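# Overview (structure and organization)
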2 protein chains.
Amino acid sequence: MTAPRYWYNIAADHPELAEDYLDPATGRALKAEDLADVFPPELAEQEFDHDRTWIPIPEPVREAYSRWRPSPLRRARGLERALGTKCRLYYKYEGGSPIGSHKANSGVAQAHYAKRAGARRVVAETGAGQWGTAISMGSAFQELDCEVFMVRNSFDSKPGRRLYMETFGSTVHASPSPLTSVGKEALRADPDSPGSLGLAIAEAVESAKEDRRTFYSLGSAFNFVCMHQTVIGLELAGQLAEADVEPDLLISCIGGGSSFAGLVFPFFGMGAKGRKQPKFLAVESNAVPTVTAGEFAYDHGDSAKLTPLVRMYTLGHRFSPPGIHAGGLRYHGLSPQVSKFIHDGHGSAVAIPQIEVFEAALKFTRSEGIIPAPEAAHSVAAAIRTATEHRGEELDIVFLLTGHGHFDMTAYGTYIGGGMEESATPTETISASLRESIGGIDRPEPQQVSKPVASGKGSDSFQEWWRRHFDGAATPATAEAKPAPAAPKGAADLSGHAVVTTRTLGDLAADATEVRLAAGAVVTPLAQDELSRRSIRIVRNS
Amino acid sequence: MTAPRYWYNIAADHPELAEDYLDPATGRALKAEDLADVFPPELAEQEFDHDRTWIPIPEPVREAYSRWRPSPLRRARGLERALGTKCRLYYKYEGGSPIGSHKANSGVAQAHYAKRAGARRVVAETGAGQWGTAISMGSAFQELDCEVFMVRNSFDSKPGRRLYMETFGSTVHASPSPLTSVGKEALRADPDSPGSLGLAIAEAVESAKEDRRTFYSLGSAFNFVCMHQTVIGLELAGQLAEADVEPDLLISCIGGGSSFAGLVFPFFGMGAKGRKQPKFLAVESNAVPTVTAGEFAYDHGDSAKLTPLVRMYTLGHRFSPPGIHAGGLRYHGLSPQVSKFIHDGHGSAVAIPQIEVFEAALKFTRSEGIIPAPEAAHSVAAAIRTATEHRGEELDIVFLLTGHGHFDMTAYGTYIGGGMEESATPTETISASLRESIGGIDRPEPQQVSKPVASGKGSDSFQEWWRRHFDGAATPATAEAKPAPAAPKGAADLSGHAVVTTRTLGDLAADATEVRLAAGAVVTPLAQDELSRRSIRIVRNS
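Residues numbered from 1 in each chain as written. Chains lettered and ligands numbered in written order. Predicted model: local features only at pLDDT ≥ 70, side-chain atom pairs only at ≥ 80, totals over all residues. Heavy atoms only, no water.

Turning next to the overall build of chain A. In terms of regular secondary structure, chain A is built from 22 helices and 19 strands. Here chain A, with 542 residues, has 63% of them falling under the buried criterion. A sequence separation of at least 24 residues applies to 74% of the contacts in chain A between residues at least 6 apart. If you sum the accessible surface of chain A, you get close to 19900 Å²; carbon and sulfur atoms cover 49% of it. (Helix = DSSP H or I, 4+ residues; strand = E, 2+ residues; numbered from the N terminus. Buried < 20%, exposed > 50% of the residue type's maximum accessible area, 1.4 Å probe, protein only. Contact = heavy atoms within 4.5 Å. Areas by Shrake-Rupley, 256 points an atom, 1.4 Å probe, with all protein chains shown as cover.)

We now examine the packing of helix 16 (residues 354-368) of chain A against helix 17 (residues 374-389) of chain A. All names here are of chain A. In contact at an axis separation of 8 Å, helix 16 and helix 17 are set at 85° when each is read in the N-to-C sense. Accordingly, the angle class assigned to the pair helix 16 and helix 17 is roughly perpendicular. Side by side, helix 16 and helix 17 meet where Glu 356, Val 357, Phe 358, Ala 360, Ala 361, Lys 363 and Phe 364 of the first sit next to Pro 374, Ala 377, His 378, Val 380, Ala 381, Ile 384 and Arg 385 of the second. Considered class by class, the residues forming the contact of helix 16 with helix 17 number 10 nonpolar, one polar and three charged. (Axes fitted to C-alpha atoms, helices over the stretch in contact; angles between N-to-C directions. Parallel < 35°, antiparallel > 145°, perpendicular 65-115°, else oblique. Nonpolar A, V, L, I, M, F, W, Y, C, P; charged D, E, K, R; others polar.)

The next point concerns the confidence of the model for chain A. Residue and element names in this part refer to chain A. Model confidence for chain A is summarised by a mean pLDDT of 88, while 90% of its residues fall at 70 or above. With pLDDT under 50 throughout, residues 450-454 is counted as low confidence; its partners more than four residues away or in other chains account for 12 contacts. The low-confidence segment residues 477-488 (pLDDT under 50) makes 11 contacts with residues lying over four places distant or belonging to another chain. This complex was scored by the predictor with a pTM of 0.86 and an ipTM of 0.84. (pLDDT = per-residue confidence, 0-100.)

It is worth spelling out the relation of the copies chain B and chain A at this point. The two copies are related by a screw operation: chain B maps onto chain A through 180° of rotation and 0.0 Å of translation along the axis, at an RMSD of 0.1 Å. Here the transformation between the copies is reduced to the relation of a two-fold axis. Using C-alpha coordinates, one finds that chain B approaches the rotation axis most closely at Gly 96 of chain B, a distance of 2.9 Å. Taken as a fraction of all interface residues of chain B, those also at the interface in chain A reach 100%, which identifies the copy contact as same-surface. (Least-squares fit on C-alpha atoms with pLDDT ≥ 70 in both.)

In this structure the tally under the stated criterion is 50 salt bridges over all chains. Between Asp 211 of chain A and Arg 120 of chain A there is a salt bridge whose closest N-O contact spans 3.0 Å. Of this pair, Asp 211 of chain A sits in the loop between helix 10 (197-210) and strand 8 (214-217) while Arg 120 of chain A sits in the loop between helix 5 (104-116) and strand 5 (121-126), and the two are 91 residues apart along the sequence. Between Glu 235 of chain B and Lys 92 of chain B there is a salt bridge; the shortest N-O distance is 2.6 Å. (Salt bridge = Lys/Arg side-chain N within 4 Å of Asp/Glu carboxyl O.)

Let us look at the interface of chain B and chain A. Counting residues at the interface gives 36 residues for chain B, matched by 36 residues for chain A. Approximately 3000 Å² of surface area, both sides summed, lies buried where chain B meets chain A, with 58% of it carried by carbon and sulfur atoms. Across the chain B-chain A interface, the total number found is four salt bridges. Note that Arg 67 of chain A and Glu 368 of chain B form a salt bridge whose closest N and O atoms lie 3.0 Å from each other. The interface formed by chain B and chain A contains 19 residue pairs in polar contact (both at pLDDT 80 or more). Classifying every residue of the side of chain B that touches chain A gives 15 nonpolar, 12 polar and nine charged. (Buried area = accessible area lost by both parts, 1.4 Å probe. Polar contact = N/O pair within 3.5 Å; in protein donor to acceptor, adjacent residues only side chain to side chain.)

Glancing now at the packing of helix 16 of chain A against helix 18 (residues 409-416) of chain A. All names here are of chain A. Viewed as axis vectors pointing N to C, helix 16 and helix 18 meet at an angle of 100°, and their least axial separation amounts to 11 Å. Comparing their axes, helix 18 and helix 16 come out roughly perpendicular. The residues of helix 18 that touch helix 16, namely those facing Ile 355, Phe 358, Glu 359, Ala 361 and Leu 362, are Ala 411, Tyr 412 and Tyr 415.

Looking now at the pairing of strand 17 (residues 514-517) of chain B. All names here are of chain B. For strand 15 (residues 491-493) and strand 17, the ladder comprises three bridges, and the chain directions are parallel. Each bridged residue has a counterpart across the sheet, and for Ala 491 the counterpart in strand 17 is Glu 514. Sheet topology note: the strand 17/strand 19 (residues 537-540) ladder contains four bridges and is parallel. Note on strand 19: the bridge partner recorded for Leu 517 is Arg 540. (Pairing = 2+ DSSP bridges.)

Along the chain, Thr 402 of chain B turns up in the loop between strand 14 (396-401) and helix 18 (409-416). Residues contacting Thr 402 of chain B, with those up to four places away along its chain left out, are Glu 94, Gly 95, Gly 100, Ser 101, His 102, Ser 252, Cys 253, Ser 259 and Ala 376 of chain B.

Next up on the list: the side chain of Ser 285 of chain A. All names here are of chain A. Topologically, Ser 285 is positioned in strand 10 (residues 279-285). Under the relative-accessibility criterion, Ser 285 is labelled buried at 2%. In this structure the side chain of Ser 285 is engaged in a polar contact, spanning 2.9 Å, whose partner is the backbone nitrogen of Ala 287.

Below, the discussion takes up the sheet that holds strand 19 (residues 537-540) of chain A. Residues and elements named next belong to chain A. With parallel pairing, three strands are arranged side by side in an open sheet as 15-17-19. Of all the strands in the sheet, just strand 15 (491-493) and strand 19 have a single pairing partner and so form its edges. Averaged over all adjacent pairs, the angle separating strand axes in this sheet is 25°, with direction ignored.

So, about helix 15 (residues 336-343) of chain A. Residues spaced three or four apart along an α-helix point in a common direction, a consequence of the helix completing one turn every 3.6 residues. All names here are of chain A. Burial within helix 15 is extensive, with seven of its eight residues counted as buried. Three or more residues of helix 15 are buried, namely Pro 336, Gln 337, Val 338, Ser 339, Lys 340, Phe 341 and Ile 342. Directly beyond the C-terminal end of helix 15, a positive phi value near 90° is found at Gly 345.

Let us now look at the packing of aromatic side chains. Applying the stated rule across the entire model yields 41 aromatic pairs over all chains. Ring geometry for Tyr 21 of chain B against Phe 48 of chain B: centres 5.4 Å apart, planes inclined by 65°, an arrangement best described as edge-to-face. Placement of the pair is Tyr 21 of chain B in the loop between helix 1 (10-13) and helix 2 (41-47) and Phe 48 of chain B in the loop between helix 2 and strand 2 (54-56), with a sequence separation of 27 residues. Ring centres of Tyr 65 of chain B and Trp 68 of chain B lie 5.9 Å apart, and the angle between their planes is 65°; this geometry places the pair in the edge-to-face category. We note Arg 67 of chain A situated over the ring of Phe 141 of chain A; from NZ or CZ to the ring centre the distance is 4.1 Å. Seen from the ring of Phe 155 of chain A, Arg 162 of chain A lies directly overhead, with NZ or CZ sitting 5.0 Å from the centre. (Phe/Tyr/Trp six-rings, centres within 6.5 Å; stacked < 30°, edge-to-face > 60°. Lys NZ or Arg CZ within 6 Å of the ring centre and 35° of its normal.)

On to the UniProt feature "domain: Tryptophan synthase beta chain-like PALP" (unreviewed entry) in chain A. The sites that carry the UniProt feature "domain: Tryptophan synthase beta chain-like PALP" (unreviewed entry) are, in the present numbering, residues 69-403 of chain A. The span residues 69-403 of chain A shows a helical share of 44% and a strand share of 20%, and its end C-alpha atoms are spaced 14 Å apart. (UniProt positions renumbered as here; feature names shortened; annotations may be inferred.)

Residue and element names in this part refer to chain A. The strand order across the open sheet built from four strands is 7-6-5-8, with neighbouring strands paired in parallel fashion. Two strands in the sheet have a free side with no partner beyond their single neighbour: strand 7 (171-175) and strand 8. When the angles between neighbouring strand axes are averaged without regard to direction, this sheet yields 25°. For strand 5 and strand 8, the ladder comprises four bridges, and the chain directions are parallel. Residue pairing in the sheet places Val 122 in a bridge with Phe 215 of strand 8. Against the sheet, helix 8 (residues 159-167) engages strand 5, strand 6 (145-151) and strand 7, with an angle of about 170° to strand 6.

On to helix 12 (residues 230-242) of chain B. Residues and elements named next belong to chain B. Compared with the 18 Å implied by 1.5 Å per residue over 13 residues, the 18 Å span of helix 12 between its first and last C-alpha is a close match. With respect to burial, helix 12 is a largely interior element, 12 of its 13 residues being buried. For helix 12, the set of buried residues is Thr 230, Val 231, Ile 232, Gly 233, Leu 234, Glu 235, Leu 236, Ala 237, Gly 238, Gln 239, Leu 240 and Ala 241. Looking at the residues trailing helix 12, positive phi occurs at Asp 244, about 55°. (Expected span 1.5 Å × (residues − 1).)

All names here are of chain A. Along the chain, Lys 305 falls in the loop between strand 11 (295-300) and strand 12 (309-314). Sequence-wise, Lys 305 and Pro 24 are 281 residues apart; in three dimensions their C-alpha atoms are separated by 7.3 Å. Not counting chain neighbours up to four residues away, the residues in contact with Lys 305 comprise Pro 24, His 300 and His 317.

Right, let's talk about the environment of Pro 308 of chain B for a bit. All names here are of chain B. Relative to the helices and strands, Pro 308 is located in the loop between strand 11 (295-300) and strand 12 (309-314). Put simply, Pro 308 and Asp 20 are 288 residues apart on the chain and 9.8 Å apart in space, counted from C-alpha to C-alpha. Beyond its immediate sequence surroundings of up to four residues, Pro 308 is in contact with Tyr 21, Leu 22, Pro 24, Leu 30, Asp 299, His 300 and Gly 301.

Below, the structure written as structure tokens:
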């Protein structure tokens, strides 16, 4: 199969899934330009893009993807036999990426956009180390400096992940660090602080704001991260179409939510075009039961309240996640798009206890060979539950194996040695966190729930339908038909852009003397430099 | 591409590469039946098979292969750019197997044959842990018990690899162990013995001999292991044919030699059929320069002198390898077939120092993402040397990346921290080892050197040639034309079999009453059980 050439932007097909982000201080709805001081402008645009269904994957990102994509889709026949089920189990395996998980799909994209916006450096936080490794790889490919604030607890206990980042050339700081004001404050309060993801985020954001040629990058939850991950679902659709299999159920785990979004959003889009709609199952840890025991409410994305207020499933930003082995699922919130998707009834969620998860992982390893990352093992456990409950039915079930567990062998040792503990979080703990976290936050009413999607199995085979609707490269036949905007000359009209970047300016004719901008449009510092250098006058619409 | 259905047995096309193995006690040439007490009979047959060029891959092994094969072939464009070379660099990546290296290809095959021969248990030695993990996975798939004797030094320093094996359900013993007589003896001599591969082999072999339903398995050097690895070269040929690329140079590292054999033997076979013959380069560590500084001579495969005498490149079985990070290259000898292949001038070898190897690995990681295992990094270093020396030429160079370095991050940390030491072994050390090791061993003259292979580029494209000569499944069109032997009835003639296994008996008609065997044929204990159960009389040819 050929590789996808576009990402799928669900907000264009389903704008009701993209609710406003609110400024934590003023409560007003945020726009792309509000993010332009920490994100590359093109990513800030993607975050709020409700227009383009298909967003072209830049050529350098596609070249990077070619190093591990397409990722394999495999039938788990050994596991089927071990379970004695008639269900057909398939897994899409993202652990074959160089860094061992799906995070690579956004890591190379974010580094690319940072480079194109003139960055010399990116900064990121990392908990268990997956995202830090992904952005380190992306930065190495782009020859960007990369600094990672790694939660001290992981920094000390996971030297392998830290060395992995350093091998890519990154600088890794234990967080809290003495390099930022929030870090210094945390160290003053507790010199032995083990750190937290919220604190590491705050350090990274502060560090990015200090320098106009440094951008912040993050590994999940945001819309553009979810969108970058749609290469997974698009590829999967092509692979299933080749085999003419229309799945009954798609499964992925949810931490920030990007792997789930990447897997299911493209299939949701196809359902809207009249194909059979699979069911979508999100799997969380019963230690961090964001969807199954949290609230759908406006809350902060971080404990320091630096990030925008977004409506999402949340356990409250003051929730202190217990130390489960699936570090990637220890997030109090969930991607706003994924949250709305589930809240609107398009998918459901299940919470699974840690011991069942590792039991499932062992069964998978012994029948299929791969040792799943603890996060990915949640999907395995849900697939096993389903295939066992529906033992006699010939369901086609696909689960996403987001990564391998090569850096999690200690957790497996604990399980094998009988020392693994149960993970359920008491209801009272969750209630208290929600009360303290979101009690005082104003909550706009949710936007209209999307209409139920017309769904059915067309009379043609999935294979034929896929070939007719997509051009074999997992891209819509129509996506390339839209003409590119003509390059302005002389007096150039850029008033359609909320953010003006050097890329936007790249389309200007050499003899441009004046640009017309929208009243509130933001001009990035590098674009400003370029305009000054070329003595181009800015005229703003009133 | 479709998966290979046969392994390529070079000894059938080139019997001069398969020299006699000698009994260490008597000096007589060994036959399959001499190995039948430790190996499954079918593997013992494969070891000495000089007749069948194409050996069918059993269906359960092909199903296991489908979990990670075909392995990807990728163009290293990032590395090409970093080197500023016109050479086109490709790598075939075996690190995507569940256990992270090519060892999986033989692990699942050996476990399959053991199971088919009625085994309930396999035993193996492992140094750094790669082979132990591979045979553990194969055993898990076959629901066989598996015990691994792991060199104590690694047992203590590589808990991740040990836990990996245990996750598959294996029992891992630190070697020397109190479970065998050789182990006890070693512990008496030194209770803190760090162990050695030679000792671990001896423990595993002793343990296998104790129980007739236990077989020994080993990870390299033997002919059947090299043959199992030919799926690599066969797949590669198909992938290159698809792109119509005929390579100029193939590169792999050599420890025991199986990855090199698996990569190049199929291409050597194609050269004999008139296609352009690539050059073949074997890469070793300058700490263990078996080919470049050793002798081509009869020697023991292990330090305890339990294994057959074979002619090979050797540093002497008393050679004490220095503690380099590429644990898989710390073997004093080399596969007899690979040794003869190089000795006859079909390939060449180069020894590379450790620091250059890690420098190359870092360059590769930062341009391509994957962290190579230290062994595999030797091939990267050789590819970089070649592509730099021939910077202006458009050579097509393929190197085999045998595995990833996820369990070798400590070594990378040492390199990044500037603490890595050089690795060259002094000439005097090697001379002394050779003198002590092979001084007293009789050496039969080498068999006739094979005729130079006719080689040239045919007038047809490689793509067309491949399609015509192979059936698209990387199998020879003729391989399946040979009729299967008819099943004997009543009085059955099995005199063509040197070893009679339950598989051999599986072809007997239900009413068989008598079997005719060759005078020296060995009947395995399980086959003996079966014959007794069915009251079948054995008649031996005089």
